[in-house]
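An overview of the molecular structure
Letter by letter, the chains look like this.
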Number of protein chains: 4
Amino acid sequence: MEVGFIGLGIMGSRQAANLRRAGHELTVFNRTRATAESWATEHGARVAGSPREVAEHCDVVISMVVDGDQVEQMLLAEHEGAVSGAREGALFIDMTTIAPSQTRAIGARLAERGVAFLDAPVTGSAPKAADGTLTIMAGGEEADFERARPLLEAMGALVLHVGPLGQGEMIKLINNAVAAVNCAVLAQALVVGRATGVDLEKLMEVMGAGAGGSTMLALKGRPMLDHDYAPLFKLAHMLKDVRLCLEEGQAAGVPFPAAAAARELYTAGLGRELADLDFAAVLEVVEGLAGTRL
Amino acid sequence: MEVGFIGLGIMGSRQAANLRRAGHELTVFNRTRATAESWATEHGARVAGSPREVAEHCDVVISMVVDGDQVEQMLLAEHEGAVSGAREGALFIDMTTIAPSQTRAIGARLAERGVAFLDAPVTGSAPKAADGTLTIMAGGEEADFERARPLLEAMGALVLHVGPLGQGEMIKLINNAVAAVNCAVLAQALVVGRATGVDLEKLMEVMGAGAGGSTMLALKGRPMLDHDYAPLFKLAHMLKDVRLCLEEGQAAGVPFPAAAAARELYTAGLGRELADLDFAAVLEVVEGLAGTRL
Amino acid sequence: MEVGFIGLGIMGSRQAANLRRAGHELTVFNRTRATAESWATEHGARVAGSPREVAEHCDVVISMVVDGDQVEQMLLAEHEGAVSGAREGALFIDMTTIAPSQTRAIGARLAERGVAFLDAPVTGSAPKAADGTLTIMAGGEEADFERARPLLEAMGALVLHVGPLGQGEMIKLINNAVAAVNCAVLAQALVVGRATGVDLEKLMEVMGAGAGGSTMLALKGRPMLDHDYAPLFKLAHMLKDVRLCLEEGQAAGVPFPAAAAARELYTAGLGRELADLDFAAVLEVVEGLAGTRL
Amino acid sequence: MEVGFIGLGIMGSRQAANLRRAGHELTVFNRTRATAESWATEHGARVAGSPREVAEHCDVVISMVVDGDQVEQMLLAEHEGAVSGAREGALFIDMTTIAPSQTRAIGARLAERGVAFLDAPVTGSAPKAADGTLTIMAGGEEADFERARPLLEAMGALVLHVGPLGQGEMIKLINNAVAAVNCAVLAQALVVGRATGVDLEKLMEVMGAGAGGSTMLALKGRPMLDHDYAPLFKLAHMLKDVRLCLEEGQAAGVPFPAAAAARELYTAGLGRELADLDFAAVLEVVEGLAGTRL
């Protein structure tokens, strides 16, 4: 299949490489053209001058950019957007994390032009993108998903069709909001442990073996003890996801108080200039609240 | 070793059976004597008429009762309490979940009488008690722990000395508070998912594979979807543990806002007469808040 | 002074009437022209066909519309917006409640065209608009405020210059967020009182005389006891203000946890279809959480 | 009427003086006898050697001590407690702030001995105690309240019979919990205002004139701006009252999430060694959370 790929950043470059490895011909576009040229030299691909040009050459176009405004620009911009070059029966797949409501709005505009659309955000960071072991949750029509499946499976280990358009994004947001809460709770538990004289290594061992266990404990417990916030997922990005989740909740009239409380802690992280550190740095906020250090 | 065991309830009877299996001679006491007689007939043990009598026969006395007031009564009551019969060099081990501050107060009174003391609460429910695969976290002197270790290892798979007296209890309380929060967050995530049109099976699959994963998701996700609250750990007991954790936190001047928020949800569970159901029934409260059902 | 007035809704029509009473000549615009015609017949005013036409006739143009998007359209729309007709040295005053960041963005675009700008949102509802007893908090340049003062004092009893552009809006949002919290706390206190057997009349009397007193108690206590939610300020509008306040807080990296918690309660009000009732209807959400009724 | 008064501390000494001024004969007791002697010399009163001796001389005995345990000791202690000397038809009135459940327990034990009992806690600090302008909310039998009324009216400006025994205490706790929340919200609003560039004087003026107004704003706004925490009501005492309110709520199965969140902020105040400052010092905790200063 000839596949278009828009956005060759940290994630996109690794995902596109896995599509090449699976034998697909690629036409790529990146805002900084030099990045695209260099990638194409290494992996073999046609470099397009615009998203429109990508779409002119490919039946399927994948986007992996920064936010919803970029997705809109890449896919819908008047002259150079991919939709302007879309072939008959084209399928666009957006893998960026954006608001479900924006996904649906983009899908509606693509549908007017006869273009099918899937949202297929991912979880897992750069190493999993490189290994092709991402979790990919796709929203959209079943038939479109089946058409996309071989491509998605080249990039992910767990590939799920989760429902109509936008539901991939929504599941991703809820998953991240739960992670944000569990991480904030972990930070609080460690601070409570320290203040009550608990051996934190033992606390982590007991929680890990028991009811208090979580992916966040496994991933962030040790870094918190070390105050090591080398960014795997930046605090500012986690905050963005929690905020989007709450916005969708508000639109649906459904409360998510634990996420709302967590949002305020991560917001205080922004104020402390922790935005570009790993979101485990929420520990600093909890320490500030308690007036103590681990 | 000749071992005394006070409290042959759901947990205690199974733990004591594992001590028998490991070859220890037992003297047992239970408030309802018939229970003790029947247990002794099945497993082989001397039945004592009082905690004092237990202590007269054994160098090590284990208690596994309901709450701190019962522990005090069993160990410290003026004429019939175990301390009244304690041998020279005796070691008492309390495995009940009680407040760390009460543990330390009991320990201080035992120390005046020359009795060593460990707190060794457990995590894991009846099946793990039966299998001898509990997690046991013990607080107290290192030497006392080493003396107790063979007994504890007959009852638990993970047996840890976690620090001074009371720290076993404190770690248990923090672990349960984190579980209470993670469970409440899970309930909220499911309700948000339903209200935003998400496929909850897919949401659970994605969270389980990713950042939102937790022991609570693994244990309580399915029962929540089914509104199945057959009690593995009663909501009232979970609420008690969260409350004790917050009390210790207040005494230490350290906040635990996530646990405080969870406490109010479980409190509302009491008001809804969910006290004797599994604590996963906190979902009912979240549904009441949202005004929807899963 | 010849004054333009855009937006003759419930508030605007009353405010403009007070400007007339104070002797100012008015040119008015309303999206539904018939409303403007009828108002002009009653009060005496020139009716303009567009915001541009308003600006062509007046040195000062006041807007009182629904939200930030309408303000942008009225003031900045390419051909018909007020800015297209602005006289040299014109001053625009927006009295709508919108996001401070949007106010500043609008102000920047007006400044490029040489138009001065104040934000001057109000507190107080229709009766106070009619009486000319609103509280008006204005942000912008001191000189512009002094120029506007006679107009603002015709509409308000307390007229304050609170700081640079946008700060009128920010103070209004914080004030409303505090009100939203105090109202939600009141609802909780009443529900706690009922559940603990308290005489709620006596509770309100004691709080009113003491430390628990608040404007919200004075305004919303009785309606809550009566479950009377005739809208003085709609729950949906209060929720919008709390949300805007939190958004500004997030942008500034400052947490507001009490408002975040309140936001979730009002959000649950949306889900319960209370959007168009008075925000005192948050009591229904608190009752749903508690599983009881007052 | 001959009246007994137990506890001549900051509040009690002023209240008792107002009883003297109203013409009542007093028999007083204080744990530190010198305090009682000195008070009696100044105001004229019989000094008793024990609570029992107080009760032997008076039909009505008022207690105003520190906490529930002291009330129990003063009224119920085996040989020297007031109950041991109670006359036939005696009425005891406790004005200390204690848990309603403890009030009811004390009342039950007094009833067994034929002694009537009212709880009549107060709001208002030393100056209002001196002026006789306290707010007094009494729980108990109507007839007992009517008997006590002339005494209570000598000490308070607003004297209310609020319901059965314990309800005076419960109303007081709810009132204080609401105050604790409103005060914490005020602190948050000021910190948000500072971080978003707002003029805090103007913010306070607008809130005071509008929806965000509260007794807490009037009493604590200025001290917060000045970081002046001279204690009118100590943070530790406010925390105690919030905690008691939440305990009663939990017993009744009713949630009070706003108070629970506030409790954690005041708890962090303990950890910051603010216990003996005014509870307005919760601002320090909010500043610590936000990582900023007003």
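What this report covers is the structure whose coordinates are included nearby.

1. A short note on the interface of chain A and chain B
- Chain A puts 48 residues into the contact, and the matching count from chain B is 48 residues.
- With both sides pooled, the region where chain A packs onto chain B buries about 4,400 Å², and carbon together with sulfur makes up 71% of that total.
- Area buried by chain A at its contact with chain B is led by Val192(A), Val206(A) and Ala211(A), which between them contribute 13% of it.
- Linking chain A to chain B there are 0 salt bridges.
- There are 14 residue pairs in polar contact (both at pLDDT 80 or more) connecting chain A and chain B.
- Those elements that place two or more of their residues in the side of chain A that touches chain B are strand S8 (134–139), strand S9 (156–163), helix H8 (167–195), helix H9 (200–209), helix H10 (215–225), helix H11 (235–252), helix H12 (257–271) and helix H13 (282–290) of chain A.
- It is H8(A) that provides the largest number of residues to the side of chain A that touches chain B, a total of 16 residues.
- Grouping the amino acids of the side of chain A that touches chain B by side-chain chemistry returns 30 nonpolar, 14 polar and 4 charged.

2. Observations regarding the relation of the copies chain B and chain D
- If you rotate chain B by 180 degrees and push it 0.0 Å along the axis, it lands on chain D with an RMSD of 0.0 Å. Those values place the two copies in the arrangement expected of a two-fold rotation axis. Considering only C-alpha atoms, the part of chain B nearest the rotation axis is Ala260(B), at 2.9 Å.
- Comparing interface residues between copies, 100% of those in chain B also sit at the interface in chain D, which points to an isologous, same-surface contact.

3. Quick word on the relation of the copies chain A and chain B
- It takes a turn of 180 degrees to lay chain A on chain B, together with a shift of 0.0 Å along the axis; the resulting RMSD is 0.0 Å.
- Here 100% of the contact residues of chain A are again contact residues in chain B; the copies associate through an equivalent surface.

4. Things to note about helix H1 (residues 10–21) of chain B
Residue and element names in this part refer to chain B.
- With 12 residues, H1 extends 17 Å from end C-alpha to end C-alpha; this agrees with the ideal 16 Å at 1.5 Å per step.
- The complete set of buried residues in H1 reads Met11, Gly12, Ser13, Gln15, Ala16, Ala17, Asn18 and Leu19.
- Count one or two residues on from H1 and you reach Gly23, which has phi positive near 95 degrees.

5. A look at empty space enclosed by the protein
- By the definition in use, this model includes 7 cavities of 30 Å³ or more.
- Considered as a void within the structure, the largest cavity measures approximately 960 Å³ in volume.
- In terms of lining residues, the largest cavity is bounded by 49 residues, among which Ala261(A), Ala261(B), Ala261(C), Pro257(D) and Ala261(D) are the most central.
- Taken together, the residues of the lining of the largest cavity sort by class into 41 nonpolar, 4 polar and 4 charged.
- A volume near 50 Å³ is recorded for the second largest cavity.
- The wall of the second largest cavity is formed by Asn182(C), Val185(C), Leu186(C), Ala189(C), Met207(C), Gly212(C), Ser214(C), Leu217(C), Val178(D) and Asn182(D).
- Broken down by secondary-structure element, the contributors of at least two residues to the lining of the second largest cavity are helix H8 (167–195) of chain C together with helix H8 (167–195) of chain D.

Cut-off values and rules
- All residue numbers here refer to positions counted from 1 along the written sequence of the relevant chain.
- To label them, take the chains in the order written and letter them from A, then take the ligands in the order written and number them from 1.
- Confidence filtering applies because this is a predicted model: local features only for residues at pLDDT of at least 70, side-chain atom pairs given and counted only at 80 or more, and all residues used for totals across whole chains, interfaces and linings.
- Just so you know, side-chain values use all the structure's heavy atoms and leave hydrogens and water out.
- The contact definition used throughout considers only heavy atoms, calling two residues in contact when any of these lie within 4.5 Å.
- Buried area: the accessible surface (1.4 Å probe) lost by two parts on joining, summed over both.
- By definition, a salt bridge exists where a carboxyl oxygen of Asp or Glu is found within 4 Å of a side-chain nitrogen of Lys or Arg.
- Two N or O atoms count as a polar contact when they lie within 3.5 Å, although within protein this holds only if one can serve as hydrogen donor and the other as acceptor, and sequence-adjacent residues are included solely when both atoms are side-chain atoms.
- Secondary structure follows DSSP: runs of H or I at least 4 residues long count as helices, runs of E at least 2 residues long count as strands, and numbering of each begins at the N terminus.
- The classification used treats Ala, Val, Leu, Ile, Met, Phe, Trp, Tyr, Cys and Pro as nonpolar, Asp, Glu, Lys and Arg as charged, and all other residues, Gly among them, as polar.
- When the copies are superposed, the least-squares fit takes in the C-alpha atoms of residues with a pLDDT of at least 70 in both.
- Here the expected length of a helix is defined as 1.5 Å per residue gap, with one fewer gap than residues.
- Each residue gets one of three labels from its accessible area relative to the maximum for its type: buried under 20%, exposed over 50%, partly exposed in between, using a 1.4 Å probe on protein chains only.
- Only protein atoms enter the 1 Å grid, on which a cavity is a set of points fitting a 1.4 Å probe that cannot get out and a pocket is an open set with protein on both sides within 12 Å along at least 5 of 7 lines, lining residues being those with an atom within 4 Å of a point.
- Grid points are joined across faces, edges and corners, and a volume is the space filled by probe spheres set on the points.

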